[in-house]
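Okay, here's what each chain looks like letter by letter:
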Amino acid sequence: MMRTIKSIEISNAVEKLCADANYSLPSDVLESLKKNSEKETGIAKDIFNQIIKNAEIAENEKIPLCQDTGTANFFIKLGRDAQISGGNIYDAVNKGVVAGYEKNYLRKSIVSDPLERKNTGDNTPANIYVDIVEGDKIEITFMPKGGGSENAGALKMLEPSAGWEGVKDFVLKVVKDKSANACPPLVVGVGIGGDFASVGLSAKKALLRELDSHNQDDSYAAKEQELLKEINNLKIGPMGMGGRTTALAVFIEVKPAHIASLPVAVSIQCHSCRRKKIVL
């Protein structure tokens with residue numbers, strides 16, 4: 001039996017998500033920051049304390065965690081038994097973004113053309129990714145992604161013979177070359193497999209996981225920990241000023257691939273790892 005959800009309900013939910021995600025760090029991120037701060041001394045510890053204090057002020061005063069309130073990314077699980085009345089899901093989400101960014105005084109950062117650079121004035125269009133799933137509900141996860149961390153991402157089509165060592169070397173090079181400009185400590189999403197178009201999305205979806213989670217495949221869970229250890233051994237540290245904690249977590253998402261391909265993508269999130277979910 002079909003369940004009807006009005007498009008205005010989606011827009012209203014998105015409007016709220018835009019504010020909540022930009023004002024409040026997820027509890028798992030805040031706890032990870034506090035836990036990792038205990039490992040640091042000197043400047044690194046001072047930076048951690050400032051990051052944590054910033055999060056507390058943003059939460060209490062309902063102001064953005066960062067002035068860059070990001071590209072609006074929405075990851076939607078649309079139940080096959082849910083139908084939307086009064087409009088389609090893409091229009092509904094974009095209407096919610098317009099309202100959310102305008103009413104809450106969030107910075108609008110989207111330009112309509114990458115070369116002409118004219119701001120759209122309302123932070124749309126959003127990036128909207130929809131997966132059809134079982135059930136009659138709509139799960140909407142919002143991730144505002146800042147430009148600094150987004151610019152630190154990279155993709156490479158490796159030869160299959162490169163194997164895990166080739167993947168690891170690429171990820172470490174990306175972090176070493178770019179992470180200082182991405183406001184560490186980082187969350188690092190790694191996509192492996194798929195094709196050129198899908199591997200970047202896998203890496204970005206990896207950033208949605210809670211920081212105390214791990215890959216369900218034991219082999220890849222071990223690889224996540226291996227990468228995390230080697231990234232932190234780079235000692236880039238919080239805000240690139242040196243220290244033991246360059247990354248809070250590394251997450252790997254894997255897809256089947258062509259026999260001649262080994263695509264790898266890295267998507268980096270800054271210490272302001274913002275995400276928020278709602279189910280309608």
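Residues numbered from 1 in each chain as written. Predicted model: local features only at pLDDT ≥ 70, side-chain atom pairs only at ≥ 80, totals over all residues. Heavy atoms only, no water.

### A few points about the side chain of N73
Here comes step 1: Note that N73 resides in strand β2 (residues 71–79).
Here comes step 2: Since its relative accessible area comes to 0%, N73 is described here as buried.
Here comes step 3: Polar contacts involving the side chain of N73 include one to the main-chain carbonyl oxygen of T71, which spans 3.2 Å. (Helix = DSSP H or I, 4+ residues; strand = E, 2+ residues; numbered from the N terminus. Buried < 20%, exposed > 50% of the residue type's maximum accessible area, 1.4 Å probe, protein only. Polar contact = N/O pair within 3.5 Å; in protein donor to acceptor, adjacent residues only side chain to side chain.)

### Let's talk about a nonpolar patch on the surface
Here comes step 1: There is a patch of nonpolar side chains on the surface, built from I43, M239 and M241 and spanning about 300 Å² of accessible area.
Here comes step 2: Take I43: it is sitting in helix α3 (residues 42–61). (Patch = residues over 30% accessible without salt bridge, like charges linked within 9 Å, V, L, I, M, F, W, Y side chains within 5 Å. Areas by Shrake-Rupley, 256 points an atom, 1.4 Å probe, with all protein chains shown as cover. Salt bridge = Lys/Arg side-chain N within 4 Å of Asp/Glu carboxyl O.)

### Some remarks on the domain arrangement of the protein chain
Here comes step 1: Taken domain by domain, the protein chain comprises domain 1 (3–21 + 65–145) and domain 2 (148–273).
Here comes step 2: For domain 1 and domain 2, the distance between their C-alpha centres works out to 26 Å.
Here comes step 3: Opposite the 10 residues of domain 1 that make contact, domain 2 presents 12 residues.
Here comes step 4: Approximately 860 Å² of surface area, both sides summed, lies buried where domain 1 meets domain 2, with 62% of it carried by carbon and sulfur atoms.
Here comes step 5: If you sort the residues of domain 1 by the area they bury against domain 2, F75, M143 and K145 come out on top, with a joint share of 61%.
Here comes step 6: Across the contact surface, domain 1 and domain 2 share 2 salt bridges.
Here comes step 7: Scanning the region where domain 1 abuts domain 2 turns up 4 residue pairs in polar contact (both at pLDDT 80 or more). (Domains from an automatic or database assignment. Contact = heavy atoms within 4.5 Å. Buried area = accessible area lost by both parts, 1.4 Å probe.)

### Overview of the pattern of salt bridges
Here comes step 1: A complete count under the given rule lists 18 salt bridges for this structure.
Here comes step 2: Of the charged contacts in the structure, one is a salt bridge between E150 and K145, with a shortest N-O distance of 3.0 Å.
Here comes step 3: We classify K145 as buried; its relative accessible area is 1%.
Here comes step 4: In this structure, a network of salt bridges that share partners links the residues E165, K168, E226 and E230.

### Looking at the packing of aromatic side chains
Here comes step 1: Evaluated as defined, the whole model comprises 2 aromatic pairs.
Here comes step 2: For the ring pair F74 and F142, a centre distance of 4.8 Å and an interplane angle of 20° mean the geometry is stacked. Taken as a pair, F74 in strand β2 and F142 in strand β5 (residues 138–145) lie far apart in primary sequence, 68 residues in all. An identical accessibility class is assigned to F74 and F142; each is buried.
Here comes step 3: Measuring from centroid to centroid gives 5.2 Å for F75 and Y129, while their planes differ by 25°, and the two rings are stacked. Within this pair, whereas F75 is found in strand β2, its partner Y129 is found in strand β4 (residues 127–133), the two being separated by 54 residues in sequence.
Here comes step 4: Among the residues examined, F75 registers a relative accessible area of 7% and is labelled buried.
Here comes step 5: Judged by its relative accessible area of 26%, Y129 is partly exposed.
Here comes step 6: The ring centre of W164 lies 5.4 Å from the NZ or CZ of K223, which sits over that ring.
Here comes step 7: Above the face of the Y220 ring, K223 is positioned so that its terminal group lies 5.5 Å from the ring centre. (Phe/Tyr/Trp six-rings, centres within 6.5 Å; stacked < 30°, edge-to-face > 60°. Lys NZ or Arg CZ within 6 Å of the ring centre and 35° of its normal.)

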